[in-house]
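Results of the structural survey
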Amino acid sequence: VNKGSWKNSYQFYTKEVSEISLRRTLLSASLRRALEKNEFVLYYQPIIDVKSGQITGVETLVRWDHPEFGLLQPDKFIPLADETSLIVEIGKWVLQEACKQARYWQDAGGEPISIAVNTSAIELGQSPYLNYITEVLKKERFDPALLELEITESVLMRDADTSIKVLRELKQMGIKIAIDNFGIGFTSLNCLKKYPIDILKMDRSLTNDMTTSADSLSIVNAIVGLAKNLGILVLAKGIETQEQLDLLTKMNCNKVQGFIFSEPVTGEKLLSFIKLRKTGTFT
Ligand code: C2E
Ligand code: MG
Ligand code: MG
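Residues numbered from 1 in each chain as written. Chains lettered and ligands numbered in written order. Predicted model: local features only at pLDDT ≥ 70, side-chain atom pairs only at ≥ 80, totals over all residues. Heavy atoms only, no water.

The next subject is the overall build of the chain. Scanning the chain for helices and strands turns up 12 helices and 9 strands. Taken over the C-alpha trace, the chain has a radius of gyration of 21 Å; the compact-globule value for 283 residues is 19 Å, and the two agree within 12%. Its C-alpha atoms put the chain at 70 × 45 × 40 Å along the principal axes. Burial statistics for the chain: of 283 residues in total, 48% are counted as buried. Considering only intrachain contacts with a sequence separation of at least 6, the fraction spanning at least 24 residues in the chain is 66%. Separation between the mean location of the 34 positive side-chain charges and that of the 35 negative ones in the chain comes to 3 Å. (Helix = DSSP H or I, 4+ residues; strand = E, 2+ residues; numbered from the N terminus. Rg over C-alpha atoms; globule rule 2.2 N^0.38 Å. Buried < 20%, exposed > 50% of the residue type's maximum accessible area, 1.4 Å probe, protein only. Contact = heavy atoms within 4.5 Å. Lys, Arg positive; Asp, Glu negative; His and termini not counted. Charge placed at Lys NZ, Arg CZ, Asp CG, Glu CD.)

Laid out in structure tokens, this is it:
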């Protein structure tokens, strides 16, 4: 055994690790500062009802307007926020901001639309989260029936008993529950029976190659059918082409979301979409 080379790689290894943890520490400190300085912004992507062609809601998507690096996408900071539990604070801010914005749209644009908020497993695992949601809804005088919480399949697998309890309470408040990225995880179909689910959001990877892969098309078809039979709504994410939209319309998929209608936009821009919807020119 060449001790020298072992020692070198060991040193290399520890150096790597400490660099990584240093980077994490710096990043989580700056995330905290970003919250204090109000550097997060929300973007909104329209959710379209297939039958009427109208916007019935939006998904809120957070970005970090970084003073040096510009607008950062969530994949750059949400994973770390998740690990450090800062996601709880960010999630609170997102909910509050989204409710405020939705009320502003209502006042300025008319008909109320629903807001979907991404929720991480850590948030759902905390009972204060329920209290916070209640507080915000009251404070913003926002109708719970217009709030949709998006959870991923992993939440359902993490801690089944606690999450069922929390989800049932949310449901009792009138809040809607959506399963995000459905169809790529490992949820047993039995979960759909056990949990109080209102809507399945099909993963983009399934709808993506629906037009070129017969297998994907069958899977999408089956998920739409499954949702129908269970009496829950189904939404197709990541719709980019007319061909995809036509197929989903034929299948009677309830809702769609994707670049074909709009990418996520600012609150101001979304208001102009809502106003367009009223004149029926939005598609
Ligand atoms: P997600 O919930 O799956 O959100 C959908 C993502 O797909 C968004 O990316 C959106 O911009 C993108 N997208 C929408 N339509 C299309 C399309 O037609 N084609 C393609 N290629 N992409 C499309 P974004 O905004 O970068 O968000 C990434 C993820 O970050 C979200 O995935 C969500 O998991 C997470 N995230 C965003 N905001 C929050 C938040 O407030 N809290 C938490 N916990 N997670 C968030
Ligand atoms: Mg993105
Ligand atoms: Mg989502």
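Let us now look at the site of ligand 1. Near ligand 1 lie 22 residues; those nearest to it are Arg 63, Asn 118, Lys 237, Glu 240 and Phe 259. Residue Glu 59 places a side-chain N or O atom 3.0 Å away from an oxygen atom belonging to ligand 1. Broken down by element, the shell around ligand 1 gets its largest block of residues, 4 residues, from strand E2 (residues 55-66). (Near = heavy atom within 4 Å. Polar contact = N/O pair within 3.5 Å; in protein donor to acceptor, adjacent residues only side chain to side chain.)

Another point: the confidence of the model for the chain. The predicted coordinates should not be examined in detail at positions where pLDDT is low. On average, the chain scores 89 in pLDDT, and the residues at 70 or more come to 91%. Scored as a whole, the predicted complex attains pTM 0.91, and scored at its interfaces, ipTM 0.97. (pLDDT = per-residue confidence, 0-100.)

Our next topic: the environment of Asp 161. Relative to the helices and strands, Asp 161 resides in helix H7 (residues 160-172). The exposed category is assigned to Asp 161, whose relative accessible area is 63%. On a C-alpha basis, the gap between Asp 161 and Ala 178 in space is 18 Å, while along the polypeptide they are 17 residues apart.

Time to look at the pairing of strand E7 (residues 199-202). Taking every second residue as pointing to the same face, both faces of E7 are buried, with Ile 199 and Lys 201 on one and Leu 200 and Met 202 on the other. Direction of pairing for strand E6 (residues 176-182) relative to E7: parallel, over a ladder of 3 bridges. Paired with Ile 179 across the bridge in E7 is Leu 200. Where E7 lies against strand E8 (residues 233-236), 4 bridges are found, and the strand directions are parallel. The residue of E8 that forms the bridge with Met 202 is Ala 236. (Pairing = 2+ DSSP bridges.)

Before going further, it helps to examine the packing of aromatic side chains. Inspection of the entire model under this criterion finds 5 aromatic pairs. Seen from their ring centres, Trp 64 and Phe 77 are 5.8 Å apart, and the 85° between their planes marks the pair as edge-to-face. One end of the pair, Trp 64, is in strand E2; the other, Phe 77, is in the loop between strand E3 (70-72) and helix H2 (78-83), and 13 residues separate them in sequence. Judged by its relative accessible area of 1%, Phe 77 falls in the buried class. Across from the ring centre of Tyr 132, 5.2 Å away, lies the NZ or CZ of Lys 92, which sits over that ring. (Phe/Tyr/Trp six-rings, centres within 6.5 Å; stacked < 30°, edge-to-face > 60°. Lys NZ or Arg CZ within 6 Å of the ring centre and 35° of its normal.)

Interhelical geometry of helix H10 (residues 214-230) versus helix H11 (residues 242-251) gives an angle of 40° and a closest axis separation of 10 Å. With respect to each other, H10 and H11 are oriented oblique. The handedness of the crossing between H10 and H11 is right-handed. In this structure, H10 uses Leu 217, Val 220, Asn 221 and Val 224 to contact H11, whose residues at the interface are Leu 247, Leu 248 and Met 251. Broken down by class, the residue content of the contact of H10 with H11 amounts to 6 nonpolar, 1 polar and no charged. (Axes fitted to C-alpha atoms, helices over the stretch in contact; angles between N-to-C directions. Parallel < 35°, antiparallel > 145°, perpendicular 65-115°, else oblique. Left-handed = near helix turned anticlockwise from the far one by under 90°. Nonpolar A, V, L, I, M, F, W, Y, C, P; charged D, E, K, R; others polar.)

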